[in-house]
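# Observations on chain architecture
So you can see what is in the structure, the chains are spelled out below.
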Amino acid sequence: MNHTLILSWVTFVYFASFVLYLFRLIIGKKVLGRAASFLAWAGLIAQTIALILRWKNSYDLGMGHVPLANLYESMIFFAWTIILIYLIIEWRTKSRIIGVFVVPMAFLAMAYASIAPDISNRIEPLIPALQSNWLTSHVVTCFMGYAAFTIAFGCGLIYLLKNKEKGRVEKPAGFSGKLPDFATLDTLIYQSITLGFVFLTIGIMTGSIWAHYAWGSYWSWDPKETWSLITWLVYAILLHSRYVRGWRGKRMAILAIIGYGCVLFTYLGVNYLPGLHSYLKA
Amino acid sequence: MLIVLLFIAGTFIPSPDVVQTFADHLSPGAGKVFLFFCLSDLYHSSLFYILLTLLSLNLIICSIDRFPALWRQYNAPHFPEPDGIFDNLPQSRIITVDKEIGKIKPIVESCLKKKYGHISEIEEKRGHFFYAQRGRFSLFGVYIIHLSILIMIVGAIIGSIFGLEADINIKEGESVNVANLTKSNGLYKLDFSVRCDKFTVEFYKDGTPKTYRSDLSFIKNGQVRRPGTLLVNHPLTFDKFHFYQSTYGIAPEIKAIVTYTNAGKKSGSMTLAAGDTFFLPQSRARGFVLRVEENIMQTGPAIKLRIVSQKKDVQFWVFQHLDQIVAMNPNLLTKMPMFNPGLFQPLVFSLKRLEQTYYTGLHLVCDPGVPLVALGGLLMVVGLMIVFFIPYQRLWVFMKLKDAKISISIAGRSNRNNQQLQKKIDYLCKRINEEIKA
């Protein structure tokens, strides 16, 4: 079976899963939540198969490389890591509510990858600079970090939403009543950021080691490198403000959202600036 | 008054940390803006070094500043337990038994010891207390991270002061021992020379480059010390330098692969470019390459040679596709002796093919700061793991006699990941229950 066909189905499966999570939140029927999780798992498995097929396909075409080499492949992998990390968290916390905010991110990444006119979904050969074993470890760790920050962003959004609703006391059992409590959200934001931070650190380091072997310089102040450092510093500030100043709750949520803005700029915005990471240009 | 002072100190001391990180955070960002305005060397500007120094100073000062508090936390007395830690405990955390305390105590003690190693205990009026802890050293994990940043900064500074970056372009077959410094316009004389034996570029079917490969020889004191193949992502090391494949290009001249026969026997093969001279030992003659043409008069590649010996001095063309040309003009060679590759008898030359000459562009780096930066990176990962994934957990077990029964309460504190601690306490309760029953 063709992997592109599977991937376009997966896009719809994630969308359906998101819709079910949403209904689960509004109507409150548990069976909907279970169906949503089931769809997310099914999508993840199908996507894994599609990625393996694409990998194999690249060998059949005589190029033979991990499907992590251009913008399309990275977007698909981004969606995959988001769903993976989300499902692990869902399984650990037994809470399905963040799915409403996180699963659509994966759907958007998938949809953007297939719809955007300037993103080609063809399997492209690897240029010499990318022919390295560090490619896999660098991309995987970076996207694990991005995905963890996505979860933190989702939780941050829920936190602010709930915080806004808090003022209106007349509807305590309404929409916000169904959202997880503040303490859980705060813990989730903090934990996903620590996870993301560790992955981002390792991602920057693997990239640095790779650059040392490929270009002879572990740090070249290329826009992507600079912005990943900025992102790293923003999250470092967030963690320091928590440890040293004891910031919690709303401030954490806002910082998680600001940090995610940096993540998105590092990932996508930087592609419009000239630099060494320009393979991601479509 | 004291509280206000403490408060000011408390808010002020961490703030330079945040402000400083912000300042540093701004400089790369601003750097990007400046890059557009051609202020390209911001990252090596004095402003940047000053910021780095400030950041390092700030890291050191904050670390020293916070040390006493951390040290107190590290050496916190085990008893008494934090206020109210045993209040409002769920029933599952209180085990009630009606056995003698003398029998129960060793059981609890051994359960704790098995999990936590060293434990301490105290006998009070209220009852008997045990204390256990784990991951205390993780309090200092943050110092490992800060130290790793300092090490990396030192490594980067060493690299920028003592490091050297240079580029060389070498034509195939040539050797070079002078490199152009990358950051300034100066030249750097190497105490060895590098010869490019061959450069190969391969492409995929769609035209994307697949491989850039330079076959190099490193020559020192006239001897080839080390031949090596250089690929992108696979640098070579010679002397103190790392060599990287950075670029390539086509040199202006074209090489001709020429063979000749002597009275019908195959005698020699040469690679020639326009302007080259060569020696023909059998005929005691000297040859000159006058011209190398890729496509002369629509007949394909050809070269023009001049051969000079004591008796003769002739000039003639050698066509690659001579057979086809003769087939179309049967009398060509008699009419135009200049087109006869066997004009210098008894030698007959033939042109096998023309080849482009490549030059390979190498990037040379010598950075003594790299080991320090790598060490810093390693330490940072270790530090992050310790800080985030090894929590400092403290446990108190309180045994007291109540209505002729002993109640054992277990409570704990953790600086991170309270869930994990709660799970551990649940497990401990279960173990103690099982052991008591047994």
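Residues numbered from 1 in each chain as written. Chains lettered and ligands numbered in written order. Predicted model: local features only at pLDDT ≥ 70, side-chain atom pairs only at ≥ 80, totals over all residues.

## Description of the overall build of chain B
A count of helical and extended segments in chain B gives nine helices and 18 strands. Taking the intrachain contacts of chain B between residues at least 6 apart in sequence as the baseline, contacts between residues at least 24 apart amount to 57%. (Helix = DSSP H or I, 4+ residues; strand = E, 2+ residues; numbered from the N terminus. Contact = placed C-beta atoms within 7 Å.)

## A word on the overall build of chain A
Scanning chain A from terminus to terminus reveals eight helices and zero strands. Across chain A, helices and strands are ordered from the amino to the carboxyl terminus as α-α-α-α-α-α-α-α. For chain A, whose C-alpha radius of gyration is 19 Å, the value lies close to the compact-globule estimate of 19 Å for 282 residues. Across its three principal axes, chain A shows a C-alpha extent of roughly 65 × 50 × 30 Å. (Rg over C-alpha atoms; globule rule 2.2 N^0.38 Å.)

## Section: the pairing of strand S10 (residues 241-262) of chain B
Residues and elements named next belong to chain B. Pairing of strand S9 (residues 236-238) with S10 involves three bridges; the strand directions are antiparallel. Across the sheet, Phe 238 pairs through a bridge with Phe 241, a residue of S10. Here 17 bridges tie S10 to strand S16 (residues 347-366), and the two strands are oriented antiparallel to one another. Bridge pairing in S16 places Lys 255 opposite Glu 355. Across eight bridges, S10 lies against strand S11 (residues 265-273) in antiparallel orientation. Note that in S11 the partner of Lys 255 across the bridge is Ala 273. (Pairing = 2+ DSSP bridges.)

## So, the interface of chain A and chain B
The parts lose accessible area when they come together, and the size of an interface is often stated as this lost area. Chain A puts 31 residues into the contact, and the matching count from chain B is 32 residues. Broken down by secondary-structure element, the contributors of at least two residues to the side of chain A that touches chain B are helix H6 (182-214) and helix H7 (223-243) of chain A.

## With respect to the environment of Arg291(B)
Residues and elements named next belong to chain B. Considering the arrangement of structural elements, one finds Arg 291 in strand S13 (residues 285-293). C-beta crowding within 10 Å serves as the criterion here: with 13 such atoms nearby, Arg 291 is assigned to the partly exposed category. Counting along the chain gives eleven residues from Arg 291 to Ala 302, while the straight-line C-alpha distance between them is 8.3 Å. For Arg 291, the contacting residues outside a window of four places in its chain are Ala 274, Ile 303 and Lys 304. (Buried ≥ 20, exposed ≤ 12 C-beta atoms within 10 Å, placed from the backbone.)

## Digging into the sheet that holds strand S1 (residues 94-97) of chain B
Strands pair in a sheet through their backbones, by hydrogen bonds, and they do so in one of two ways: parallel or antiparallel. Residues and elements named next belong to chain B. Spatial ordering of the open sheet is given by S1-S18-S17-S3-S2, a layout of five strands whose pairing is antiparallel. Each having just a single partner strand, S1 and strand S2 (119-123) make up the two edges of the open sheet. The sheet shows a mean angle of 15° between the axes of neighbouring strands, direction not considered. In the sheet, strand S3 (residues 128-134) pairs with strand S17 (residues 393-402) via seven bridges, with the strands oriented antiparallel. If you follow Tyr 131 over to S17, its bridge partner there is Trp 396. (Axes fitted to C-alpha atoms, helices over the stretch in contact; angles between N-to-C directions.)

## Section: the sheet that holds strand S15 (residues 313-319) of chain B
Residue and element names in this part refer to chain B. Reading across from one edge, S12-S13-S14-S15 is the order of the four strands in this open sheet, with antiparallel pairing throughout. Each having just a single partner strand, strand S12 (277-280) and S15 make up the two edges of the open sheet. When the angles between neighbouring strand axes are averaged without regard to direction, this sheet yields 30°. Where strand S14 (residues 302-308) and S15 come together, seven bridges link them in antiparallel fashion. Its bridge partner being in S15, Lys 304 is matched across the sheet by Trp 317.

## Re unusual backbone geometry
Residues and elements named next belong to chain B. Residues Gln 345 and Pro 346 are joined by a peptide bond in cis, for which omega reads 5°. You can see Pro 346 is positioned in the loop between helix H7 (332-335) and S16. Of note in this structure, Asp 239 is not a glycine but carries a positive phi near 55°. Within the secondary structure, Asp 239 sits in the loop between S9 and S10. The phi dihedral of Gln 298 falls on the positive side, at around 60°, and the residue is not glycine. Within the secondary structure layout, Gln 298 lies in the loop between S13 and S14. Among the residues examined, Gln 298 registers 5 C-beta atoms within 10 Å and is labelled exposed.

## Digging into the confidence of the model for chain A
Scored by pLDDT, chain A comes out at a mean of 84, with 91% of its residues at no less than 70. When pLDDT is averaged over each element of chain A, H6(A) comes out on top at 91 and H7(A) at the bottom at 83. (pLDDT = per-residue confidence, 0-100.)

## Some thoughts on the environment of Phe101(A)
Residues and elements named next belong to chain A. Here Phe 101 is to be found in helix H4 (residues 99-115). Placed 35 residues apart in sequence, Phe 101 and Thr 136 show a C-alpha to C-alpha distance of 28 Å. Beyond its immediate chain neighbours, meaning those up to four positions away, Phe 101 contacts Gly 154, Leu 157 and Ile 158.

## Digging into the packing of helix H1 (residues 3-27) of chain A against H4(A)
Residue and element names in this part refer to chain A. Two elements in contact, H1 and H4, have axes separated by 9 Å at closest approach and are oriented at 155°. If you check the angle between H1 and H4, you find them roughly antiparallel. Crossing of H1 against H4: the hand is left-handed. Counted together, Ser 8, Val 10, Thr 11, Tyr 14, Phe 15, Ser 17, Phe 18, Tyr 21, Leu 22 and Leu 25 of H1 and Gly 99, Val 100, Val 103, Pro 104, Ala 106, Phe 107, Met 110, Ala 111 and Ser 114 of H4 form the full contact between these two elements. Tallied by class, the residues present in the contact of H1 with H4 amount to 14 nonpolar, five polar and no charged. (Parallel < 35°, antiparallel > 145°, perpendicular 65-115°, else oblique. Left-handed = near helix turned anticlockwise from the far one by under 90°. Nonpolar A, V, L, I, M, F, W, Y, C, P; charged D, E, K, R; others polar.)

## Quick look at the environment of Ser409(B)
All names here are of chain B. Mapping Ser 409 onto the fold places it in strand S18 (residues 405-414). In sequence terms Ser 409 and Ile 85 are 324 residues apart; their C-alpha atoms lie 9.9 Å from each other. The residues touching Ser 409, leaving out its near neighbours within four places in the chain, are Phe 86, Leu 89, Arg 93, Ile 94 and Phe 398.

## Re helix H3 (residues 71-93) of chain A
Turn by turn, an α-helix covers 3.6 residues, leaving residues three or four places apart pointing in a common direction. With 23 residues, H3(A) should reach 33 Å at 1.5 Å per residue; the first-to-last C-alpha distance of 32 Å fits that figure. With 17 of its 23 residues buried, H3(A) lies for the most part within the structure. (Expected span 1.5 Å × (residues − 1).)

## Description of the pairing of S12(B)
Residues and elements named next belong to chain B. Across four bridges, the pairing between S12 and S13 is antiparallel. Residue pairing for S13: Thr 277 is matched across the bridge by Phe 288. Connecting the antiparallel pair S12 and S13 is a turn made up of four residues, with Arg 284 showing a positive phi of about 50°.

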